[in-house]
Amino acid sequence: MKSLKRKRDIEDHERLERAVEELDIKAEIKDFSDLPLSQPTASGLEASHFKTLTDIQSKAIPLALKGRDILGAAKTGSGKTLAFLVPVLENLYRARWTELDGLGALIISPTRELAIQIFEVLRKIGRYHTFSAALVIGGGDLKEQKERLGRMNILVCTPGRMLQHMDQTVAFEVGNLKMLVLDEADRIMDMGFQSSVDAIIEHLPKERQTMLFSATQTKKVSDLARLSLRDPEYVAVHEAASSSTPTTLQQYYVVVPLSKKLDTLFGFIRANLKSKIIVFFSSAKQVRFVYESFRHLQPGIPLLHLHGRQKLSARLDITSSFSAAKNSCIFATDVVARGLDFPAVDWVVQLDCPEDADTYIHRVGRTARSEKPGKAVIILDPSEEEGMLKRLEHKKVPIKQINIRKQKEQSIGAQLQKLCFQDPELKYLAKKAFESYTKSLWLQKDKEIFNIDKYDLEGFHASMGLPGAPKIKFRKGVDVKKLKNAPRGDDDEEEQAKKPEVRTKYDRMFERRNQDVLSSHYSKTIADDDPEDAGSHADADEDNDFLSVKRVHQVDEESSSSEKEEDVAATGPAAKVIPGIGKEPIVIDSKRREKLLKSKKKLLKLKEKGVKLVYDDDGVPHQVYELEDEEDFKKRGSAAEQRAKFLEEEAARIREADLDDKQLAKQKRREKREKKKAREAAERRGETLEEAPRLAEAGEDEEDPMALLASLPLPEDEDEDEEEEERPTKRPKKWFEDASEDEKEGAKKRKGKGRVIEAADEPETLEDLEALAAGLLN
Ligand code: ADP
Ligand code: MG
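Each residue is numbered by its place in its chain's sequence as written, counting from 1. By the order in which they are written, chains take letters starting at A while ligands take numbers starting at 1. Note on the predicted model: pLDDT of at least 70 is required for a residue's local features to be given, and 80 or more for side-chain atom pairs to be given and counted; whole-chain, interface and lining totals, by contrast, use all residues. In computing side-chain properties, one takes all heavy atoms of the structure into account and sets aside hydrogens as well as water.

Where an unreviewed UniProt entry is consulted, the chain appears under the name ATP-dependent RNA helicase, with the organism given as Amorphotheca resinae ATCC 22711. UniProt positions are given in the numbering used here, feature names are shortened, and annotations may be inferred rather than shown by experiment. The UniProt entry for the chain carries this comment under Subcellular location (unreviewed entry): "Nucleus, Nucleolus".

Here it is as structure tokens:
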């Protein structure tokens, strides 16, 4: 009997193998059932209600099944995840991968949230397979992960944590690896992740299949060499090459002076209370201020905020409640929101102009996913209009100007002023948001879009409710290049070097020392604040670091955006406990922090002044900004006194944070238990809520960090459908009007009104096509 089954099994495998060999890569495959897929995958897809393939899937999957290396470029929301997950499952299945074979496929994601989402999809479609799979992200329990890793066949990871395991976990063998996948590949290949990715790759066997996916593909040939791709197949899908964003996406821009931006946002939210909205900002500080202040103003829609400074657990709660919400408005930074798939987002609002067109495309990609309708609006300062439109035109983004209806205009300036007056904390956030925003403008690389002299910064300052003239502390002689963390592509050194010569009043503003004396309130909040929230990847710099030490990027792997988040943001279970100051153990969750705590003198300075430290390649901290005189230092008391005081304060703070974390973890466990019970009860009643995915077997126990996602609601496909049916009826109130309408009214004041960038009807040249598809080989 057994041998009979075995025999049939072998026959099945052989049949499948032949079918894959014979599969015509040119054939236009429409349904998953037309692909030579194993029974478990076919059933998993069916149970997840996936029937027809998307374009990228029908182009990439056949090639990938045949073992080819792939560079996949397709718009956001076009189904890239399945394009690599199906081949991962299938190729391992056909290779008869078992637990004994160890790691077969490694999937790398730039952020933890995205890794979780990929893992979720893997769990859904892989539920009938017997592979073991795990999520390897920071914030999980390192030790637990270590014990399990050796037995895993498929891993979804973030680079930093993966590397840590490769370096430290003894029984972790990757020598068998068959497949490597990079999702959001351009992001993973950029400088922030460079060293960790290189180090990971060094561990992997060269003989393997490699697949890269992104909406905007990695551009450099050198990147491809780094990954040792073998004759990769470039698979790009951009419908008729007419636009690089989904056709179901309607894109608009509004020209609004910086000083009216918050009013505009508020008015927009008020006019779209029945919508699901994502608002993008360039820095976490902007997010925090707008979130806190708008909460007070109560626009009448649930507000959420998401940035890298939050703990992973909080971020997961937030992303899942936003996913589940029918109407909600979330304020987010670029880094954390990259690649995330939120169902049924109506609007993407870009309040801060993105640094480049690629960032624009990734942002708007949070809506209009998988052929569903969606809308996006970018709010541009008059000085940004021309430059940005040019960039978008170049990328064939069809965008149309709209104006705000007069009746919908609201002014919240006075209210913000009052709030800031009443609440010093809010005022402080406003100040920080202002500073980080101004700095990010100053540091922007694309000077055709961003010219700091052209913004009404005073007006902006006032619009945030801040009294007086803006003060910005910044210092010349700072390595601007270093400040601009994790840049895309190479920095233009010359341009940067020239920078300080072109001095403007803002240069002087930046150079001025901060003349404020920090009140005790400030020094309390300073832990959460550092002057380095600059650069368009500023949120990359966010974390929960109680010391608020910001590392400048490109120092090493930890300096990459989400990796840093990953490393530091979790003060939870990933923490390493070292016996420390005071009776309680002090929780240190990064090596660097540990090092820092030991480096007391530097800490002292940091604490006193909120000064940024930059780490060189050896991990030795240096100050970027201003050096304190020894005399100034001594004035505040002897070094020993200061040190003692500082350590005491820090220890207390840590104990507090630790307690919070514990409570949070406890609550989470309770919730999980309750959920589990409910599920079991439902199952007893015969209603299967969600089949226990076999894939996740190894990761289901109580404390399992890899089962983190068990606490996330699995998307219920039926619900989604229901929601979909409801949604079309929800019509946004007309917050805007067509610019052309406006023209009729004769109210035009500026040139360029009603300008529509239409994508060219026909792609001009093959190069154009290529460039559009991602300009891969340049
Ligand atoms: P991308 O990575 O290209 O941005 P995702 O893989 O996140 O896109 O997929 C976007 C959405 O489309 C997801 O909600 C996913 O469930 C859905 N989707 C993907 N493939 C299909 C398919 N073949 N049929 C229906 N929906 C799909
Ligand atoms: Mg994706």
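So, next bit.
A. Focus on the overall build of the chain. The helix and strand labels rest on DSSP assignments: H or I over at least four residues marks a helix, E over at least two residues marks a strand, and numbering proceeds from the N terminus. Across its full length, the chain carries 31 helices and 20 strands. Every one of the 778 residues in the chain was classed for burial, and the buried ones make up 58%. For the chain, restricting intrachain contacts to residue pairs at least 6 apart in sequence, the fraction spanning at least 24 positions comes to 78%. All accessible-area figures derive from a Shrake-Rupley calculation using a 1.4 Å probe, and residue coverage is judged against the displayed protein chains alone. Carbon and sulfur atoms make up 50% of the accessible area of the chain, which totals about 33,400 Å². Burial classes: relative accessible area under 20% of the type maximum marks a residue as buried, over 50% as exposed, and values in between as partly exposed (1.4 Å probe, protein chains only). Any two residues whose heavy atoms approach within 4.5 Å at even a single point are treated as in contact.

B. Spotlight on the UniProt feature "short sequence motif: Q motif" (unreviewed entry) in the chain. On the UniProt side, "short sequence motif: Q motif" (unreviewed entry) is annotated at positions that read residues 30-58 here. Summarising residues 30-58: 45% helix, 0% strand, and an end-to-end C-alpha distance of 7 Å.

C. Structural context of the site of ligand 1. Of all residues adjacent to ligand 1, which total 17 residues, the nearest are Thr-52, Gly-77, Thr-81, Asp-341 and Arg-369. In this structure, an oxygen atom belonging to ligand 1 sits 3.1 Å away from a main-chain N or O atom of Ser-78. Under this definition, polar contacts are N or O atom pairs within 3.5 Å; protein pairs additionally need one hydrogen-donor-capable and one acceptor-capable atom, and for neighbouring residues in sequence, both atoms have to be side-chain atoms. Contact between ligand 1 and Lys-80: an oxygen atom at 2.8 Å from a side-chain N or O atom of the residue. In isolation ligand 1 exposes 560 Å². Once the protein is present, 80% of that is buried. Take the shell around ligand 1: its biggest share by element is three residues, from helix 4 (residues 80-94). Just so you know the grouping, Ala, Val, Leu, Ile, Met, Phe, Trp, Tyr, Cys and Pro go in nonpolar, Asp, Glu, Lys and Arg go in charged, and all remaining residues, Gly too, go in polar. Residue composition of the shell around ligand 1, by class: four nonpolar, nine polar and four charged. In this entry, domain limits derive from an automatic or database-based domain assignment. Both of domain 1 (2-236) and domain 2 (249-409) provide at least three residues apiece to the shell around ligand 1. Working definition: residue near molecule or strand if any one of its non-hydrogen atoms lies within 4 Å of it.

D. Structural detail: the confidence of the model for the chain. Confidence of the predictor at the level of single residues is given by pLDDT, which spans 0 to 100. Within the chain, residue pLDDT values average 71, and 61% of them lie at 70 or more. For the chain, the element scoring lowest by mean pLDDT is strand 15 (residues 576-578), at 27; helix 4 scores highest, at 97. The model gives residues 600-611 a pLDDT under 50, and that stretch makes 37 contacts with residues more than four places away or in other chains. Contacts for the low-pLDDT stretch residues 687-733, under 50 throughout, to residues beyond four places or in other chains number 102 contacts.

E. Representation of the packing of aromatic side chains within the structure. Each Phe, Tyr or Trp ring, with Trp reduced to its six-membered ring, pairs with another whose centre is within 6.5 Å; inter-plane angles below 30 degrees give stacked pairs, above 60 give edge-to-face pairs, and intermediate values give tilted ones. Applying the stated criterion across every chain, the model contains nine aromatic pairs. Note on Phe-322 and Phe-342: the rings are 5.0 Å apart at their centroids and 85° apart in plane angle, and the pair reads as edge-to-face. Placement of the pair is Phe-322 in helix 13 (residues 312-324) and Phe-342 in the loop between helix 14 (334-337) and strand 12 (347-350), with a sequence separation of 20 residues. Accessibility expressed as a relative area gives 0% for Phe-322, which makes it buried. Taken together, the aromatic side chains of Phe-266, Phe-281, Phe-294 and Phe-331 make up a single cluster linked through ring pairs. Think of it as a cone above the ring: NZ of Lys or CZ of Arg counts as a charge over the ring if it is within 6 Å of the ring centre and within 35 degrees of the ring normal. If you follow Lys-261 out to its NZ or CZ, it ends over the ring of Phe-460, 6.0 Å from the centre. In this structure, Lys-276 packs its charged tip against the face of Phe-322, placed 5.3 Å from the ring centre.

F. Local environment of the pattern of salt bridges. What counts as a salt bridge is simple: a side-chain nitrogen of Lys or Arg found within 4 Å of a carboxyl oxygen of Asp or Glu. Using the criterion set out here, one finds 21 salt bridges in the structure. One continuous salt-bridge network, built from bridges that share partners, spans Lys-390, Arg-391, Asp-446 and Glu-448.

G. Spotlight on the pairing of strand 13 (residues 374-380). Taking burial as the measure, the seven residues of strand 13 include seven buried ones, the bulk of the element. Residues Gly-374, Ala-376, Ile-378 and Leu-380 line one face of strand 13 and the alternating positions Lys-375, Val-377 and Ile-379 line the opposite face, and both faces are buried. Inspection of the sheet shows strand 8 (residues 249-255) paired to strand 13 by seven bridges, in the parallel sense. The residue bridging Gln-250 from the neighbouring strand is Lys-375, located in strand 13. Read as a crossover between parallel neighbours, the route from strand 12 over helix 15 (residues 357-364) to strand 13 is right-handed. Strands are treated as partners if at least two bridges between them are detected by DSSP. When the strands point away from the viewer, a crossover counts as right-handed if the path from the first strand over the helix to the second runs clockwise.

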